[in-house]
Amino acid sequence: SSGINAEWPLRPGKCLGVTKESSTSYKLNTGSTAEAHKSYTIFVKGGKSVVSNGKSWSTASGYTLGGAGATEYTSASSAFKACTSATTCNGVIKKKTGKYVIATKTTKTKSTGATSYTVSSSITVAGDYSWTSKSDYSLSGYASEKTHTTAAAALTACAANSKCNGVTKEATKKYRTNTGSEPSSKSGYSVYIKGGLKTSQRSIYNTNYVWYVKAPYALSKGKLSTSKTEAAAYEACINNVKCLGFTRTSSTSYILYSDSTLTKTQGKISYIKGGTFITSNGYMWDYRSGKTLSGYADTTKYDTAAKAMSACVSSSTCNGVTKEGTGNFRINTGTTVTTKSGRTCWLKGNEVEKYSSYYFTKKSDYTLNDLGTKKYTTVATAKTACIAASTCTGVVYVASKEFYLSTGHTMSDSSGYIVYFKGGKEVAQQSLTLTSNSYTWKYESPKKLSGAYSGKDTLAAALTACVSDSKCKGVTYASKKYYLATGTTANPGTGQHCWIKKEKSTDCDSALIPLL
């Protein structure tokens, strides 16, 4: 590989370390015993770790630590927080009783049923990169001539500079960006070593669709238009049949695209449009008609979608459900939908909770940046405050009776924390069966049909024209016009309505047809 931040194709269990043989040559190693060499540098793979409260904690199952405290904590997050706040704390112990205590020593001894967490380094996520910070170290080489007065400004500048590999705090309000990536001892200095781009994904509800929010990724093909707000971008994308998603390039710029190909790009967030949103078993599901999923998570054929979804939620390998025929629902391991006539599938998204007509996506062991300082003691009061604040992006659970609002978009690992991402407000839906022009029509709102053509000024004119046109399958309303349509499936559409043509009817016309 050409650099330490490369994405290596590691085989679990075989690679035990990396040797840097030159500035552009890194080799993977199966050995773990270091041998002296005058110019080589080695990176020996350690044990698994978790990240919480801005620190990395090395875990060791079946071990305890010395200097255990007496105060017991009921959650890992509260113990990690207590340890971070105590200057003498060097780790956390999960006792076999399930309770947690903090420890002052790093010496490990075997203890059946216990797990130790030792502080190894501080971790920061900024500018979509992860950063490892250490005190009394410095980095070599300046990536620019500029001196920054805050760590945040320096990290942002380094993230945007491909030559920058880290930041050194040289004094109070004096941060420099560096080209070097290997720290050397320097009393009084602190370093932030640049890691890889920290990617994240979540599913979220908006305008009756499931959306996949991916960072840091950008769309670039098939530019359609630009919106100034996230809400406007959702609406514009829903109402444009060509739109497959949009990319947030700044707080006032959201660009819509007709191609969903993503490229990893620092500082960007993309929103990919999925299918129709439904909820079941505490999860959101992405409904796709005429689509199928691959791979079976078990051998059972379920006779209802509800039973299959329940089984999918209980399976660690299931990512969705496919209806393969009448009374034949299978749970699937695949995540890519493919076209197949006569089939229907549901992709499993994240956990979701409805509160006061808003849908919140729930993700455990994560946090958000830009947390506020006001503490809320219940998730309900925090969600209420978040709904009322237009800039609030979600609620973060930190510890028992401790919730904070976030205005940030960057998600990072934090063991024991829970993020509740604010989604859109539930859109009221209406479905009616009506008769007009000797046909039965199914009215759906707010829904739209695809294949719109030949706009009319009135609903009556559109219905009459549709009856006389064999290719017309319904009428769809948008932008103060009633369009004939070839599509037969009603899809979510903000401010839109549709009338799907069914069979001929001998009944009298309905006394009331929804006229707009």
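Basis of the calculations
- Residues numbered from 1 in each chain as written.
- Predicted model: local features only at pLDDT ≥ 70, side-chain atom pairs only at ≥ 80, totals over all residues.
- Heavy atoms only, no water.
- Pairing = 2+ DSSP bridges.
- Helix = DSSP H or I, 4+ residues; strand = E, 2+ residues; numbered from the N terminus.
- Axes fitted to C-alpha atoms, helices over the stretch in contact; angles between N-to-C directions.
- Phe/Tyr/Trp six-rings, centres within 6.5 Å; stacked < 30°, edge-to-face > 60°.
- Buried < 20%, exposed > 50% of the residue type's maximum accessible area, 1.4 Å probe, protein only.
- Contact = heavy atoms within 4.5 Å.
- Polar contact = N/O pair within 3.5 Å; in protein donor to acceptor, adjacent residues only side chain to side chain.
- pLDDT = per-residue confidence, 0-100.
- Disulfide = S-S within 2.5 Å.
- Lys, Arg positive; Asp, Glu negative; His and termini not counted.
- Salt bridge = Lys/Arg side-chain N within 4 Å of Asp/Glu carboxyl O.

A. Structural context of the sheet that holds strand 35 (residues 481-485). In space, the six strands of this open sheet follow the order 30-31-37-34-35-33, with antiparallel pairing throughout. Two strands bound the open sheet, and with one partner strand each, they are strand 30 (430-436) and strand 33 (452-456). Across the sheet, the mean angle from the axis of one strand to that of its neighbour is 25 degrees, orientation sign disregarded. Bridge count between strand 33 and strand 35: four bridges; the pairing is antiparallel. From the neighbouring strand, Gly-455 faces strand 35, where its bridge partner is Tyr-483.

B. Local environment of the environment of Ala-153. The residue Ala-153 is located in helix 2 (residues 151-159) in this model. Along the chain, Ala-153 and Phe-421 lie 268 residues apart, while their C-alpha atoms are 26 Å from each other.

C. Representation of the packing of aromatic side chains in the model. In this structure the tally under the stated criterion is 20 aromatic pairs. Between Phe-246 and Tyr-271, the ring centres sit 4.6 Å apart and the planes meet at 15 degrees, which makes this aromatic pair stacked. Residue Phe-246 is located in strand 18 (residues 245-250), and its partner Tyr-271 is located in strand 21 (residues 269-280); the two are separated by 25 residues in the primary sequence. Comparing Phe-246 with Tyr-271, the two get one shared label, buried.

D. Local environment of the environment of Ser-280. Topologically, Ser-280 is positioned in strand 21. Among all residues touching Ser-280, those that are not within four sequence positions of it are Trp-285 and Met-309.

E. Fine view of the side chain of Asp-286. If you trace the backbone, Asp-286 turns up in strand 22 (residues 283-292). Look at Asp-286 and you get buried, because its relative accessible area is 0%. Here Tyr-212 takes part through its side chain, which lies 2.7 Å from a polar atom of the side chain of Asp-286. Sequence-distant contacts of Asp-286, defined by excluding residues within four places in its chain, comprise Val-210, Tyr-212, Gly-274, Gly-275, Thr-276, Cys-345, Trp-346 and Leu-347.

F. Region of interest: unusual backbone geometry. Pro-216 follows Ala-215 through a cis peptide bond whose omega is -10 degrees. The topology assignment puts Pro-216 in the loop between strand 15 (209-215) and strand 16 (217-219). Omega for the bond connecting Ser-445 with Pro-446 falls within 30 degrees of zero, at -5 degrees, which places this linkage in the cis form. Positive phi outside glycine occurs at Thr-207, with the angle close to 50 degrees. Mapping Thr-207 onto the fold places it in the loop between strand 14 (200-206) and strand 15. Given the relative accessible area of 11%, Thr-207 is considered buried.

G. How the structure looks around the confidence of the model for the chain. For the chain, mean pLDDT is 89; residues scoring 70 or higher make up 94% of the total. Of the regions scoring below 50 in pLDDT, residues 1-12 engages in 21 contacts with residues more than four places distant in sequence or in other chains.

H. Structural context of the state of the cysteines. Counted by the stated rule, this structure contains six disulfides. Cys-158 shares a disulfide with Cys-164; S-S distance 2.0 Å. Disulfide Cys-158 to Cys-164: torsion about the S-S bond roughly -100 degrees, handedness left-handed. A residue is classified by how much of its surface remains accessible, and Cys-158, at 0% relative accessible area, is buried. Disulfide pairing is shown between Cys-237 and Cys-243; the S-S distance is 2.0 Å.

I. Summary view of the pairing of strand 2 (residues 25-29). Across five bridges, the pairing between strand 1 (residues 17-22) and strand 2 is antiparallel. Note that in strand 2 the partner of Val-18 across the bridge is Leu-28.

J. Looking closely at the side chain of Asp-128. Of note, Asp-128 is situated in the loop between strand 8 (108-126) and strand 9 (129-138). Within the buried set, Asp-128 has no salt-bridge partner at all; the shortest N-O distance to an opposite charge, 8.0 Å, is to Lys-268. Here the side chain of Asp-128 touches Gly-267 through a polar contact of 2.5 Å, landing on its backbone nitrogen. Leave out the neighbours within four places in its chain, and Asp-128 touches Gly-196, Leu-197, Lys-198, Pro-216, Gln-266, Gly-267, Lys-268 and Thr-410.

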